[in-house]
Structure formats: structure tokens, C-alpha cells
Amino acid sequence: MPRPNSRLFVRRYHMKTAPTCPPCRPPLAATFLIAWLGTFFLACTVFAQRPGTGIIVGRVFNPATGEYLRNAEVRAEGTNRTAVTQGDGFYRLTEVPAGEVTVRVSYTGYQTATTTLVLGAGETATRDFDLRSTQARATSGDEPVYLEAFTVSAEREGNAKAIMDQRAAMNIKNVVASDIFGDVAEGNVGEFLKFMPGIDLEYAEADTRSVRIRGLAPKYAAVMFDGNRMANAASSNLGTGRAFEFEQVSINSVDTIEVNKTISANMDADAPAGAINLKSKSAFNRKGRYISWQVNAVANSNELNFKKTPGPGDGYHHKILPGGILEFSDTFLGGWLGVAATISESNMYNDQLRVQNTYDNVPTASSPEPVVPVTIRWKDGPKFTERTAASLNLDYKLNRHTTVSLRSQFNLYDAEFHNRQLMLFAPRVRLAPGSDENTMISVPTTSNSNVTRAVLGGNSQNKYGNTGSVTAALDYKRDDLVVDGSVAFSQSINHYDDLEKGFFYNYDAWLHPMSWRLERSTTSASGWNFTQLTGADMYSLSSYQASAGANRVNSQPRSSRDRQWSGQLNAKWTAPWRLPTFLQAGLKVREEVYNLANYNLSWTYVGPTGDRTQAVVPVSIVWIDPEKGGNLFDRKIEFPDRTALAALFREHPEYFVPNPANATSDTNRFAERYIKEQIGAAYLMGNTRIGRLTLQGGARVEDTRNGSKIYEQGERKYRTGDYTDLFFSGSAKYRFTENLMAIASFSQALLRPDFNNLSGVATINDEQMTGTIPNADLKPEYSNNYSTRLEYYFEPVGVIAAGVFQNDIKDIQYRATDIAAEDIGLGDDYPGFVFTSWRNGEELRIRGMELEYSQQLTFLPGVLSGLSVFANYTRNLSSDLIMAGRLAPKIVSGGVTFRHKRATVSVKCVWNDDTFESYGDSATNQYIRYRKARTMVDLNASFAVHRKLTLFASARNIFDEPSIIYENTRDLLYQHDQFGITITCGVKGTF
């Protein structure tokens with residue numbers, strides 16, 4: 001743990017005074033910027049515009065897919081004049097010497113196209129190009145594309161698009177295109193990122209929730225849609241920090257996903273790990289009308305039944321669920337208006353099965369065993385998830401220079417989960433002789449003691465939310481000037497409801513006195529054999545009524561709303577010099593407002609008699625079955641019907657006595673939070689090419705102002721703060737040959753303090769002499785990100801690359817649990833108290849390497865020519881294991897795709913090494929927990945019945961590989977999760 005700096009924790013957290021100057025920048029940053037500026041001024045002063053030159057413009061088109069090609073390389077042979085095509089396939093070659101000129105267009109996986117023309121001085125010539133795949137049959141321009149070419153084009157075209165995006169970039173980035181997204185019906189963004197180098201997913205049960213880039217926690221990455229930040233209500237929990245959660249975002253309206261691992265001056269600076277940009281589809285990127293459709297069904301391997309079966313709630317439901325996708329794009333008004341729209345619906349059922357073991361590893365004289373289990377939890381958590389997504393993108397050409405756009409997207413997420421849990425608890429002092437790491441023998445207690453008990457509980461909730469955005473943009477291109485601007489609004493709303501949806505969050509049913517014997521075969525086994533020794537029948541819910549306690553009926557509604565407004569203006573000027581050079585500058589303003597309201601309510605169920613021990617609790621038709629082996633669940637364990645209890649609450653509220661704390665606890669008194677953050681930014685960036693070397697550098701300044709409502713000693717107050725920072729970035733790319741190049745990139749960034757510290761509640765426990773206090777004076781973290789990569793691109797479609805990276809983060813924010821009141825100026829009010837709060841530490845360093853390889857093996861003979869392969873390797877190292885959090889030391893991913901005639905089959909897998917999970921140091925248990933190495937394999941298959949009709953099937957995690965957390969040693973099981981195999985089948989086609 002870094003040595004804390006107490007100077008950064010201001011006494012009594014008075015009015016915020018954040019740093020007004022940036023931290024010291026390393027000499028490399030200044031050196032890089034000076035080197036580029038020197039080159040730029042050299043270009044300005046020595047190389048003037050040459051007479052006798054002209055301009056060549058045009059578009060590059062792929063007739064096989066009907067798309068214009070982005071990032072195709074266009075070159076005037078014998079000169080240093082090159083260009084890359086834009087999203088609509090447009091290119092512009094300036095300062096081309098007059099006379100006979102040969103223009104060459106290259107794009108990976110396509111036959112190089114050339115044309116020769118005579119260019120006059122001062123003339124602008126137009127030349128368009130159609131590119132054909134290197135695998136396509138030779139045809140005349142009017143002949144159709146053959147089925148064989150069509151069936152191999154989807155993944156091939158997608159890989160080519162991604163490679164060309166990566167190849168053209170001046171920062172370190174990877175790209176995945178929509179053509180290779182595959183058939184993952186629910187459209188979760190994380191599922192399309194997990195096979196990329198440097199990417200690690202963080203899951204919430206079976207769902208991908210957030211993404212790590214190069215080992216850094218999700219809060220270090222920015223997520224954007226078409227370059228504008230997306231709002232993120234997260235899980236209505238300020239404790240998640242600034243991490244973006246992908247649950248409420250769908251991939252179905254996205255053309256490509258860019259993962260920028262270093263950033264440039266024209267990008268938001270609050271992205272130490274990099275930025276993920278989701279780029280939407282535009283009708284101007286295609287020629288003609290395009291309609292695609294998909295109908296699918298999704299199932300879980302644990303419930304392959306077309307009949308209604310019990311659960312997830314207290315009723316019967318179908319578990320094989322339908323979904324579909326419809327996409328449309330076309331141009332109207334003679335090509336001046338483009339319309340692109342998508343709508344999708346997905347429904348999924350997931351099993352979420354868990355066993356969790358908690359241990360006591362502090363021996364006593366009466367219990368000398370080094371490790372004994374003290375709590376065993378079994379959870380059966382079935383879940384329904386519905387995602388609805390829609391987008392509408394309109395592009396209109398005001399004239400041949402100016403395009404206005406309106407882009408909108410909406411995502412609805414609706415998940416309902418009902419966790420049913422059985423817990424057996426007995427502390428070490430209540431374990432009988434013979435108990436050890438594989439045996440738990442509890443001894444009975446007196447009737448009024450609940451020290452040893454069985455508990456039926458868990459939580460039921462409906463998580464409902466939506467995320468949407470609207471962006472109005474203008475793009476002006478004329479000669480050497482490009483100006484673009486946009487105004488955007490994004491909103492994300494999230495609700496966790498229970499009573500509103502017709503059920504209680506929880507009802508805790510306790511059973512005591514009782515005793516039992518639990519045994520398992522090994523310390524890594526997930527199944528326990530159970531024998532009840534004393535007490536009422538644990539399997540009957542009526543046995544628990546005599547132990548009914550107060551405030552066991554719970555409701556925990558919570559909600560959040562995040563709104564973001566932004567406006568930006570950028571201008572790019574290409575200089576008419578011998579050395580190709582451009583300058584770019586821009587302004588941006590962004591405001592974010594976050595509201596949160598969380599409540600914790602409870603009641604005592606007393607029934608019509610007014611006696612909680614006589615109140616009959618309804619029994620659900622659904623029982624617990626976590627499918628974890630052993631004999632414990634051979635009999636059905638009756639479980640409380642939380643839906644029926646909620647119905648009783650509505651009909652007879654007098655049966656429920658409210659907890660007085662509902663009105664007096666700080667949680668409910670101060671449930672509402674509010675934060676507003678305003679950021680203004682300006683930047684200047686330039687790019688120069690000298691022969692084989694391209695240099696880019698820039699600087700960005702950001703001014704941050706925030707205001708928030710906080711609660712101090714029961715009083716609500718409003719705080720403000722502001723600080724300004726300067727960030728440098730730069731990169732250099734050198735082409736040894738046309739296909740071999742090296743790139744080095746550097747960027748500076750920051751992570752602002754999380755909202756939980758900007759708007760928090762100070763809670764004091766006078767009995768325990770402890771407290772939790774937010775730190776409104778927490779400083780931002782500052783990052784210096786260095787990255788280099790060597791890349792070789794080969795035909796027809798392939799790349800092999802190796803890179804190293806290092807990210808130095810200063811003023812790291814961490815949670816301290818042992819802060820004396822005297823150290824933070826609270827000694828007079830709370831002498832002897834110990835507080836928990838956040839502090840700034842010293843430095844965290846993450847370094848590592850990435851290897852990536854992908855190739856279409858068309859050079860192999862016969863049917864083997866239909867093979868394509870990819871493989872990635874990521875190695876992460878950290879200077880502090882705990883500060884780095886869940887950093888996977890090694891990640892390996894790879895896959896093979898085989899195509900033959902109309903059939904395509906692909907197998908992809910990802911392996912994560914043992915990964916640090918958490919640590920603890922209590923009076924009864926000192927532990928460090930790791931998530932065990934895990935390999936997940938996905939399978940996809942499709943068959944083209946017709947050129948425009950395809951059958952497909954996919955299965956995720958086909959071996960149902962569990963997620964396992966072990967404690968202290970690799971064979972001591974802490975937690976075992978299993979979710980079943982997600983299976984999707986369907987048919988898709990185009991018009």
C-alpha cells in the first residue's frame with residue numbers, strides 16, 4: 001500500500017481548494033513537443049507552396065458490399081503526396097505536380113487500383129475508384145458478385161476495415177468492425193471487445209458490465225458515441241466511481257468500435273487508460289438501399305424447455321425467448337439526404353448459481369485447526385434481461401461543401417432477478433471437535449440464541465434503465481479547410497425497484513436453535529453433504545416462524561439520473577507546403593449533472609394476530625436449487641413468497657409494522673445526492689510528414705468546475721471547487737516499408753475525484769467509535785501514458801504487431817480505514833475515533849506488453865484456403881497489487897474461422913490468468929483472494945441458404961467454465977459461480 005500523504009487530507013474538509021497548477025511533467029513530454037515544433041517551423045520557413053501543382057479528388061467504393069471505403073490509402077506515384085479516404089470514401093490529394101500523374105489506391109485484402117491522368121496547373125481533377133477483393137472472381141463491372149465471394153466477405157471485410165483504421169491512426173489503437181461482431185443477439189458491447197489485445201472484462205454475475213484497458217480499472221477509460229461522451233447512471237451507486245457500465249448500451253447501431261490506448265490533444269483528457277469510441281452508421285457510407293433483418297431465439301443450457309417452468313419470480317415463465325434486429329439505410333432527394341435506422345429487441349434468461357464459503361483462520365486453544373468454515377452460502381439467482389435499442393441517423397448535404405447531421409440512439413435495459421439464498425452460520429466458538437477445513441459441525445444453542453442459525457434470504461429486484469443521446473452536427477469541407485462542430489445531449493436513467501414491481505426486496509427467515517454436520521471431499525469442492533443434527537426441519541418454511549425477528553421485510557428502492565450536455569468546434573487546415581502538414585484547433589464545453597436517491601426501508605411482518613412468531617409466511621412455488629452437488633438440495637427447501645408478501649402489504653398494511661429507522665436513519669434522511677461538473681477545454685494540434693516519418697503533437701488545457709450537495713453532521717451544504725490543467729500529447733510513426741511501420745505515442749491525462757467524495761454523507765457510530773467521511777478535498781490523479789508498437793501488415797488481410805506500454809499515475813486515490821480523528825482535525829469533536837475515508841497516495845505504475853496476430857490463410861491449398869486465425873497476448877505488471885485492483889497479469893485470446901462454400905464455423909477463446917480479487921485483515925480472518933485462471937470458449941456457425949438468407953447459431957462459454965475465487969491457497973475455495981451456456985439460433989438476411 002502506498003504511504004499516505006496526510007497533507008492531502010484537509011482539516012474538516014472545508015471549502016474545496018483543489019490544485020491550480022498541473023503536476024510536474026516529465027522531460028520527455030517537453031522534448032517531444034519541442035521536437036515537433038522545430039519540425040513544424042522548419043516546414044513553415046523553408047518549404048513554401050510550389051507553383052505548377054493541382055488537386056485530385058474522388059471516392060473509393062467497394063461494389064461487393066455497397067460501402068464506400070474508409071482509410072483507403074491514395075498516393076500520387078513518384079511524389080510524397082498521399083491521403084486516406086474519409087468515412088464516405090472521399091479523398092483529396094493536394095500539391096500534386098502538374099503533368100502526367102499515376103494515382104494508386106491500396107486497401108488490405110483488395111486488388112490495388114491505379115489510373116493515369118494529365119493534371120494541369122491549378123486544376124482539380126476527379127477520379128473515383130472501385131476496389132475488388134483479391135479473392136473475388138474476375139468479372140466485368142456489370143456482372144453480379146458470386147455467392148462464394150459474398151459468403152466469405154462479412155468477416156473478411158470487417159477485418160480489413162479494422163486493420164485500415166488501425167493502420168491510419170497516429171495513436172495506439174485497435175478497432176473492431178460491425179462486420180465481425182458476430183451473432184451475439186443481446187448486443188452487449190463487452191462481448192465484442194473481449195477478444196481484443198489489452199482488454200479485460202469485469203462481470204456482474206453473467207453479464208459484462210465494464211471494461212479494463214491494459215490492466216487499469218474501468219474508471220480510467222472514457223466512453224464516447226461519435227466522439228461525444230455518453231451519460232452513465234451506472235448502478236445507482238456512487239461507490240462505483242466514474243466507471244462506465246455497458247449494460248444499457250447496445251451494439252446494433254454501431255459501425256465500428258475504436259479502442260484508443262493513448263489519446264491525442266483533440267480528445268477529452270480524463271482518460272488515463274484510453275478512450276472507447278462507438279462510431280455510428282451513416283447512409284452516406286453506402287451506395288443505394290440496404291435492409292437487413294434477423295430473427296433469433298436465446299436459451300440457457302440449464303433451461304432447454306419450451307414449456308413454462310418456475311422462476312425467476314414466484315411464478316411460471318418461458319425460458320427460451322425471442323429477439324430480432326432490423327436495419328435500414330438509403331439516400332433520398334438525389335443523394336442529398338441519407339437515412340440510417342436500426343431497431344432491435346433481445347430477451348435472455350440466465351442462471352446465476354453460487355456457493356460461497358467464509359473461513360476463520362485464527363486458531364484458538366479450544367479450536368486449534370488452522371482453517372475452519374464458519375459461513376456457507378448457496379445462491380440460486382435466475383434472471384430475465386430485456387434490451388431494446390433504436391437509432392435514427394439523418395445526414396443532409398446543404399451543398400457540396402456542407403453536411404448537417406442529426407444522430408440519435410436510445411437503449412432500454414430491463415432486468416429482473418430473484419436471488420434465493422440459504423446461509424448456514426456458526427462461529428468457530430460454536431463448532432464441535434472434529435471440525436476442520438472440510439468439515440463443519442455446529443453445536444446447538446439455547447432457544448433464544450441466534451449465534452448458530454440457518455437463514456433464507458437473498459434479494460429480488462427489477463433493474464430498469466435507459467440511455468439515449470441526440471447529437472446535431474455540422475461538417476464543412478472546402479479546399480484545405482475542414483470545420484466541424486456539434487452539440488450533444490445524453491441522458492441515462494437507472495432504477496432499482498421491488499415493491500413498485502410487485503415483490504419485496506427480501507424477507508429474512510431465521511431458524512434457531514439447530515445444529516448440523518457439513519462435509520465435502522476436498523477444499524476445492526463446491527458440493528457439501530448435509531446432515532441436520534438438531535432443531536426443527538430446515539426444509540419447511542413453517543419451522544422458521546418461531547424465530548421470526550423484527551424488521552426482516554425489506555425494500556431498497558434506488559434511482560439515479562446522469563445528464564451530459566456538450567458542444568464542440570474543430571477546425572483543421574492543411575498547409576500548402578512541400579512537407580504535408582496540417583494544423584488543428586478546437587474548443588469544447590461539457591456539463592454533467594448527476595442525481596441519486598437511495599433508500600433502505602424495513603418492516604416487521606406481524607400478520608393478522610399482531611404476533612410475528614405466529615404470522616404465517618406464504619410459501620413460493622419456486623425452491624432453491626443452486627446445482628452445486630452434495631445432497632443438501634436433494635429435498636426441496638421451501639422459500640418465502642416475496643410476491644405474495646407484497647400483495648399482503650398492499651391489501652393489509654396493518655400487518656406490517658414499520659421500522660422507526662425508516663424515518664431517522666442517515667441513509668433515508670440524506671438519500672438524495674447532487675453533483676454538477678463543468679469542463680471547458682481548448683487544444684492545438686499539428687501533424688507533419690517528412691519522408692517516411694510522420695510527427696504529431698499537441699497541447700490541451702481543461703478547466704474544471706464542480707458543485708455538489710453534501711451532508712456534514714446532519715446538515716446539508718453546497719460545495720464548489722475548480723482547477724485548471726495543461727496536458728501534452730505526441731506521437732511519431734516511421735514507415736520502414738509500405739507494410740512495416742513503428743509508432744511511438746505519449747499522452748497525459750487525469751482522473752477526477754469520484755462523485756461519492758464530491759457528494760457524500762458523513763456517518764458516525766458513537767458506540768463503535770468509528771465513522772465514514774467523504775473527502776471533498778481529494779485531488780485528481782494524473783497520468784503519463786507511454787506506448788510503442790511495431791506493426792507489419794500483410795496481404796490479403798493480416799497484421800502482426802508487438803508493443804510495450806507504461807502508465808505512471810500520480811496522486812493515486814485509495815480508501816483508508818484507519819484514520820485517527822486527530823489526523824484530520826476531528827480530535828476535539830471525536831477523540832479516540834477511527835475513520836474511513838479516501839486519500840491521495842503516491843504513484844501507481846502499470847507496464848506491460850501486447851502481441852497481436854491475425855491473418856487470412858488464403859495461400860493454403862484447397863479447402864484450407866478458407867482458414868483464418870487470430871491470437872493476442874497481453875502481459876500486465878503493477879507496482880502495487882492492491883492499488884491496481886483486479887489486474888489480470890496475463891490474458892491470451894485466439895480463434896480459428898473456417899469457411900467452405902456456404903458454411904462458416906468459428907471457435908474463439910479467451911484465457912485470463914489468476915487475478916487478484918480482494919484482501920482483508922479482520923480479527924478472525926486474514927486473507928488475500930484471487931480469481932482463478934479461466935478459459936471461455938465461444939462457438940459460431942452459419943450456413944448461407946441463399947445469397948440473401950443465412951441460418952446461424954452461436955454458443956457462449958460452451959464448456960460452462962465456472963468463475964472461481966480462492967482464498968490464500970489455490971485449492972481453498974471461497975466462491976464458485978456458474979451461469980450455464982448461452983445459446984442463440986436464428987435466421988438473418990438482406991434485401
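Going by the structure above, here's the rest.
Residues numbered from 1 in each chain as written. Predicted model: local features only at pLDDT ≥ 70, side-chain atom pairs only at ≥ 80, totals over all residues. Heavy atoms only, no water.

(A) Here's a closer look at the sheet that holds strand β44 (residues 763-765). Across the sheet, which stays open at both edges, the four strands sit in the order β44-β45-β49-β48 with mixed pairing between neighbours. Where the open sheet ends on each side, the last strands, each with one partner, are β44 and β48 (813-820). Looking at each pair of strands side by side, their axes are set apart by 25° on average, direction ignored. Alignment of β44 against strand β45 (residues 770-772), held across three bridges, turns out to be antiparallel. Bridge pairing in β45 places I764 opposite G771. (Pairing = 2+ DSSP bridges. Helix = DSSP H or I, 4+ residues; strand = E, 2+ residues; numbered from the N terminus. Axes fitted to C-alpha atoms, helices over the stretch in contact; angles between N-to-C directions.)

(B) Unusual backbone geometry, seen in detail. A cis amide bond links G311 with the next residue in sequence, P312, at an omega value of 0°. By the secondary structure assignment, P312 is in the loop between β18 (309-310) and β19 (316-317). Here the amide bond leading from E795 into P796 is cis, since omega sits at 5°, within 30 degrees of zero. Backbone geometry at R214 places phi at a positive 50°, although glycine is not the residue there. Here R214 shows up in the loop between β12 (207-213) and β13 (221-225). For E627, which is not a glycine, the phi torsion comes out positive at approximately 55°. Topologically, E627 is positioned in the loop between β38 (601-605) and α4 (642-651). E627 sits in the partly exposed class, given a relative accessible area of 44%. (Buried < 20%, exposed > 50% of the residue type's maximum accessible area, 1.4 Å probe, protein only.)

(C) Examining the packing of aromatic side chains more closely. Applying the stated criterion across every chain, the model contains 25 aromatic pairs. Across from the ring centre of W510, 4.5 Å away, lies the NZ or CZ of R453, which sits over that ring. Against the face of W623 rests K636, its NZ or CZ located 4.0 Å from the ring centre. (Phe/Tyr/Trp six-rings, centres within 6.5 Å; stacked < 30°, edge-to-face > 60°. Lys NZ or Arg CZ within 6 Å of the ring centre and 35° of its normal.)

(D) Looking closely at the pattern of salt bridges. A complete count under the given rule lists 55 salt bridges for this structure. Across the pair K279 and E258 runs a salt bridge whose closest N-O atoms are separated by 3.6 Å. Taken together, the residues K279 in strand β16 (residues 274-280) and E258 in strand β15 (residues 254-260) connect sequence positions 21 residues apart. Residue E258 is classed as buried on the basis of its relative accessible area, which comes to 8%. One salt-bridge network, held together by shared partners, links R229, D268, D270, K588, R590, R700, E702 and R752. (Salt bridge = Lys/Arg side-chain N within 4 Å of Asp/Glu carboxyl O.)

(E) Representation of the nonpolar core in the model. Membership of the largest hydrophobic core comes to 46 residues, with the highest contact counts inside it found for L193, I257, I276 and L278. Sequence-distant contacts of L278, defined by excluding residues within four places in its chain, comprise V189, M224, F225, D226, M230, V249, V254, T256 and I257. V355, F633, I637 and L648 belong to the second-largest nonpolar core, a separate cluster that totals 44 residues. (Core = buried A, V, L, I, M, F, W, Y, C linked by side-chain atoms within 4.5 Å. Contact = heavy atoms within 4.5 Å.)

(F) Spotlight on α4. Buried residues of α4: R642, L645, A646, L648 and F649, and no others. Here the buried residues of α4 occupy an arc of 155° about the axis, which is enough to place them on one side. Facing away from the buried side of α4, by more than 90 degrees, are the exposed residues R650 and E651. Here α4 starts with a cap whose side-chain oxygen sits 3.0 Å from the backbone nitrogen of T643, and that cap is D641. (Arc of directions from axis to C-beta. Polar contact = N/O pair within 3.5 Å; in protein donor to acceptor, adjacent residues only side chain to side chain.)

(G) Structural context of the side chain of R387. With respect to the element layout, R387 can be found in strand β24 (residues 383-397). No salt bridge is formed by the buried R387, whose closest oppositely charged neighbour, D207, lies at an N-O distance of 5.1 Å. Separated by 3.1 Å, the side chain of R387 and the backbone oxygen of E247 make a polar contact. (Lys, Arg positive; Asp, Glu negative; His and termini not counted.)

(H) Local environment of a nonpolar patch on the surface. On the surface, F332, L333, W336, Y396 and L398 cluster together into a nonpolar patch covering about 480 Å² of accessible area. Among the structural elements, L333 can be located in the loop between β20 (321-332) and β21 (337-350). (Patch = residues over 30% accessible without salt bridge, like charges linked within 9 Å, V, L, I, M, F, W, Y side chains within 5 Å. Areas by Shrake-Rupley, 256 points an atom, 1.4 Å probe, with all protein chains shown as cover.)

(I) Structural view of the side chain of S490. By the element assignment, S490 lies in strand β30 (residues 481-497). A relative accessible area of 2% places S490 in the buried class. Here A231 takes part through its backbone nitrogen, which lies 2.9 Å from a polar atom of the side chain of S490.

Keep in mind that these numbers describe shape and distance, not what the molecule does.
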